[in-house]
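Architecture and fold: a report
Given next are the chains, with one letter for each unit.
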Amino acid sequence: MIFLSYDSPYDPSKSFVVPWDLPPSWEHPFGTTSRGQDLFWWLTFAVRNSLYVGVVTAIISRVISILVGLTAGYRGGWIDRVLMAISDTFVVLPLLPILILLSFLLRESMNLLNLAIILGLFGWSFDARLIRSQVLSLRERSFTRTAVYSGTNSFWITIHEHLPFVLPIVFATTLNNLLWSMGMEVTLSVLGLSDLSTPTLGTALFWANQHGALVAGVWWWITAPALVTAVLFLGLYLLFTSINEYIDPRTRLRLIGG
Amino acid sequence: MRKFVLRYLIPRIIQYLTLIFVGITLTYIIPRLAPTNPVEAQVSMMIARGSSLDPDAIEAMRAALTELYGLSGSPVEQYFAFWSRLFRGDLGPSLGNFPTPVSEMIGQALPYTLRLLIPALIISWIFGNFFGALSSYYPENKALNVVEVLGQVVRSIPYYIVAIVLLVVFSYFIPIFPFSGAYPIGTRPDWSSLDFILTYLEHSVLPAATLILVGFGGWFVGMKSLTSNIISEDYVVYAEIVGLKKRNILVQYIMRTAMLPQLTALAMSLGTVFSGALIMEVVFGYPGVGSLAIRAVYSNDYSMIMGITIYSIIGVATAVFLIDLLYPLFDPRVRYQ
């Protein structure tokens, strides 16, 4: 695990992004589907779109979680309690039924961007809690007190003094959130609840199911997207854990033999 | 005791009520923010199905549907009407299976989900925590390292994919397990016959295995990082110097401490786990709440989706609350306060 962590097999921004403008070649690395598509090239689009959903969701939920976390942590008191009660609620709520309800109602206007926005609005809670606990400990540090005594207003303190400390956590959780939202996208699409004309990892599986790929013996139609998803997620996950380990000074010390 | 009630019980109850309140309010607000009017959508669908209705009948239907969706009156009135219907347990009739009440259909499907979910949850929690602690206490052990890598792999991949992979491998390439359902198509559930129970169990192996595998990975990884912090605590080092048995240190000193945050994590993860179980049922065609939900989506059964959402929120909230109530049993600090 240790050497994997510094040498993650995937750079998610590059691996599949390069070839999508090339014309489909005469060979079909992943076979073709019953709908007459080359699975490999289709999946390159699918991966791109899935990543797009993930990134947009991550950005939206990051903004919310930073705002909520910083405010709750710094202000404390009843604001903190109310915000955390809400965020705990969001953590615990069974999201899937709610998302099914939502995407069912919005089915006509469902596109990737809307999906990402919705996911973003639901995916912030856990990380807000993390950021808050970090700020709580920062608040007791002497530099915060110095800033308060020297008359800096609280907004300035949070943005300039606390945000830099919080950012590493934000980066680490971004990838986690990316994984979560892409997983949700796969789930919703497989249930037929997203924009099915756009290729994503989820819609790939949806169409394969829809055509009864397994029953018809077209096993690669299901296997290929499933494998691509698995590899992509694993890669991102390893990247996430390695960044986490890198950020955490304790493990970094252990790795260099300290 | 009074302190316990004030400090521990009352905040939990408040949290429980907030959870239900926020959840239900969300399910109330969401459909009203949606650009489509469910009543009109339903009416136009019925017309499109080719029923030759005269305008009066359509008008009557529209009124009935408006009543059904609770769309009559001002928003505030609607909101209160919504709650009072909930308290009566009235979720309206299913639109796809008219006029069977939604609550009755969910009541039939729910046992299947619970019989799958609860054992899987408990098994994966116990085993995941146990082996997670073991593997961080014996970092040199090869077998445990293999388990850890597997756990990481399974944990990072979406539920759905794990389920599909297991399904393809174990009922397509190596057909040992049945393809879908909780019992063969055409048989009626008969809980008195042993044969039926056996086929039921056989059908449940794969779905349960998927749930357990994914859960196991998560608890394993979480427990490992927890215990690796505990191991360097002074009291553990001291116990080792004193020369206590390794097994005792592991069980009484390390696992016991790590159990508490893991219990909280269990409560926190219930919503996600429940969502995962729903997906699982769809993949395996298992006749629980998940399959019910997906059929409702295909048949535009709005009231059913609504009902399932409300049921899941209340169910998950209650389960979380119960775990919170169990917590003092494991944590003497809360108990003796």
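All figures in this text were calculated on a predicted structure; none of them were measured in a lab. (Residues numbered from 1 in each chain as written. Chains lettered and ligands numbered in written order. Predicted model: local features only at pLDDT ≥ 70, side-chain atom pairs only at ≥ 80, totals over all residues. Heavy atoms only, no water.)

**As for the overall build of chain B**
Scanning chain B for helices and strands turns up 13 helices and zero strands. The order of helices and strands in chain B, counted from the N terminus, is α-α-α-α-α-α-α-α-α-α-α-α-α. Put simply, chain B has 337 residues, and 46% of those count as buried. Long-range contacts, defined as pairs at least 24 residues apart, comprise 74% of the intrachain contacts of chain B with a sequence gap of at least 6. With the model as given, the accessible surface of chain B reaches about 17000 Å², and the carbon-plus-sulfur share is 68%. (Helix = DSSP H or I, 4+ residues; strand = E, 2+ residues; numbered from the N terminus. Buried < 20%, exposed > 50% of the residue type's maximum accessible area, 1.4 Å probe, protein only. Contact = heavy atoms within 4.5 Å. Areas by Shrake-Rupley, 256 points an atom, 1.4 Å probe, with all protein chains shown as cover.)

**So, the overall build of chain A**
When you go through chain A residue by residue, the secondary structure sums to 11 helices and zero strands. Each helix (α) and strand (β) of chain A, taken in turn from the N terminus, gives the series α-α-α-α-α-α-α-α-α-α-α. When burial is assessed residue by residue, chain A has 53% of its 258 residues classed as buried. Sequence-distant contacts in chain A: of pairs separated by 6 or more residues, those separated by 24 or more amount to 73%. Split by element, the accessible area of chain A, about 11800 Å² in all, is 66% carbon and sulfur.

**Comments concerning the environment of A:Arg75**
Residues and elements named next belong to chain A. Within the fold, Arg75 resides in helix α2 (residues 39-75). Remark: the alpha-carbon pair of Arg75 and Pro94, spanning 19 residues in sequence, is separated by 29 Å. Ignoring any residue separated from it by four or fewer positions in sequence, one finds Arg75 in contact with Leu70, Arg139 and Ser154.

**A word on the pattern of salt bridges**
All names here are of chain A. Inspection of every chain in the model, using the stated rule, returns three salt bridges over all chains. A salt bridge links Arg62 to Asp127; the shortest N-O distance between them is 2.7 Å. Taken together, the positions of Arg62 in helix α2 and Asp127 in helix α6 (residues 125-139) put the pair 65 residues apart, joining distant regions of the chain. Accessibility assignment for this pair places Arg62 and Asp127 in one class, buried. A salt bridge links Asp80 to Arg132; the shortest N-O distance between them is 2.6 Å. A residue pair is termed long-range when its members are at least 10 positions apart, and Asp80 in helix α3 (residues 77-92) and Arg132 in helix α6 qualify at 52 residues. (Salt bridge = Lys/Arg side-chain N within 4 Å of Asp/Glu carboxyl O.)

**A look at the packing of aromatic side chains**
Under the counting rule described, the total for this entry stands at 11 aromatic pairs over all chains. Centroid distance A:Phe90 to A:Trp124: 5.3 Å. Interplanar angle 45°. Geometry classified as tilted. Here the residue A:Phe90 occupies a position in helix α3, and A:Trp124 occupies one in the loop between α5 (112-122) and α6, the gap between them amounting to 34 residues. Residue A:Phe90 is classed as buried on the basis of its relative accessible area, which comes to 13%. We classify A:Trp124 as buried; its relative accessible area is 7%. Plain terms: the ring middles of B:Phe21 and B:Trp83 are 6.4 Å apart, the flat faces sit at 10° to each other, and that makes the pair stacked. (Phe/Tyr/Trp six-rings, centres within 6.5 Å; stacked < 30°, edge-to-face > 60°.)

**A word on the interface of chain A and chain B**
Tallying the contact residues gives 45 residues for chain A and 49 residues for chain B. Taking both partners together, chain A and chain B bury about 4200 Å²; carbon and sulfur atoms supply 79% of that area. Per-residue buried area on chain A facing chain B is highest for A:Val92, A:Leu101 and A:Leu105; these three make up 15% of the total on that side. At the junction of chain A and chain B, the tally comes to zero salt bridges. Taken together, the connections running from chain A to chain B amount to zero residue pairs in polar contact (both at pLDDT 80 or more). Counting residues per element, the ones that place at least two in the side of chain A that touches chain B are α3, α4 (95-105), α8 (154-190), α9 (201-210) and α10 (219-247) of chain A. Looking at the side of chain A that touches chain B residue by residue, the classes come out as 32 nonpolar, eight polar and five charged. (Buried area = accessible area lost by both parts, 1.4 Å probe. Polar contact = N/O pair within 3.5 Å; in protein donor to acceptor, adjacent residues only side chain to side chain. Nonpolar A, V, L, I, M, F, W, Y, C, P; charged D, E, K, R; others polar.)

**Digging into the confidence of the model for chain B**
All names here are of chain B. Averaged over chain B, the pLDDT score is 77; the fraction of residues at 70 or greater is 79%. No element of chain B has a lower mean pLDDT than helix α2 (residues 38-48), which averages 66, and none a higher one than helix α5 (residues 102-137), which averages 86. Model confidence for the complex is summarised by a pTM of 0.74, with the ipTM given as 0.71. (pLDDT = per-residue confidence, 0-100.)

**Some words on α6(A)**
Residues and elements named next belong to chain A. An ideal rise of 1.5 Å per residue puts 21 Å on 15 residues; α6 measures up with 21 Å between its terminal C-alpha atoms. Taken as a whole, α6 has its buried residues at Ser125, Asp127, Ala128, Ile131, Arg132, Val135 and Leu138. Within α6, the buried residues cover an arc of 150° as seen down the axis, which keeps them to one side. (Expected span 1.5 Å × (residues − 1). Arc of directions from axis to C-beta.)

**Some remarks on the nonpolar core**
Where a protein is soluble and globular, its nonpolar side chains tend to be buried together. Residues A:Phe122 and B:Tyr160 are the most contacted members of the largest nonpolar core, which totals 133 residues. Three or more residues apiece are contributed to this core by two domains, here domain 1 (37-90) and domain 2 (102-336) of chain B. In contact with B:Tyr160, other than residues within four places in its own chain, are A:Val186, A:Val190, A:Leu205, A:Asn209, B:Ile279 and B:Val283. In terms of nonpolar packing, the next biggest core, distinct from the first, is built from 13 residues, B:Ala133, B:Leu134, B:Ala239 and B:Ile249 among them. (Core = buried A, V, L, I, M, F, W, Y, C linked by side-chain atoms within 4.5 Å. Domains from an automatic or database assignment.)

**A look at the environment of B:Leu116**
Residues and elements named next belong to chain B. If you trace the backbone, Leu116 turns up in helix α5. By relative accessible area, which is 6% here, Leu116 ends up buried. Spatially, the C-alpha atom of Leu116 lies 9.8 Å from that of Ala209, the residues being 93 residues apart in sequence. In this structure, Leu116 is in contact with Ser204, Pro207, Ala208, Leu211 and Tyr286, ignoring residues within four places of it in sequence.

**Overview of the packing of α4(A) against α5(A)**
Residue and element names in this part refer to chain A. At their nearest, the axes of α4 and α5 sit 12 Å apart, and the two run at 145° to each other. Of the two elements, α4 crosses α5, and the hand of that crossing is right-handed. Across the interface between the two elements, Leu95, Ile98, Leu99 and Leu102 of α4 pack against Ile118, Leu119 and Phe122 of α5. (Axes fitted to C-alpha atoms, helices over the stretch in contact; angles between N-to-C directions. Left-handed = near helix turned anticlockwise from the far one by under 90°.)

**Brief notes about the side chain of B:Thr227**
All names here are of chain B. Along the chain, the position of Thr227 falls in helix α8 (residues 194-231). Residue Thr227 is classed as buried on the basis of its relative accessible area of 0%. Within the local environment of Thr227, its side chain forms a polar contact with the backbone oxygen of Met223, the two atoms lying 2.6 Å apart. Once you skip the residues sitting within four places of it in the chain, Thr227 turns out to touch Gly132, Ala133, Ser136, Ile254 and Ala258.

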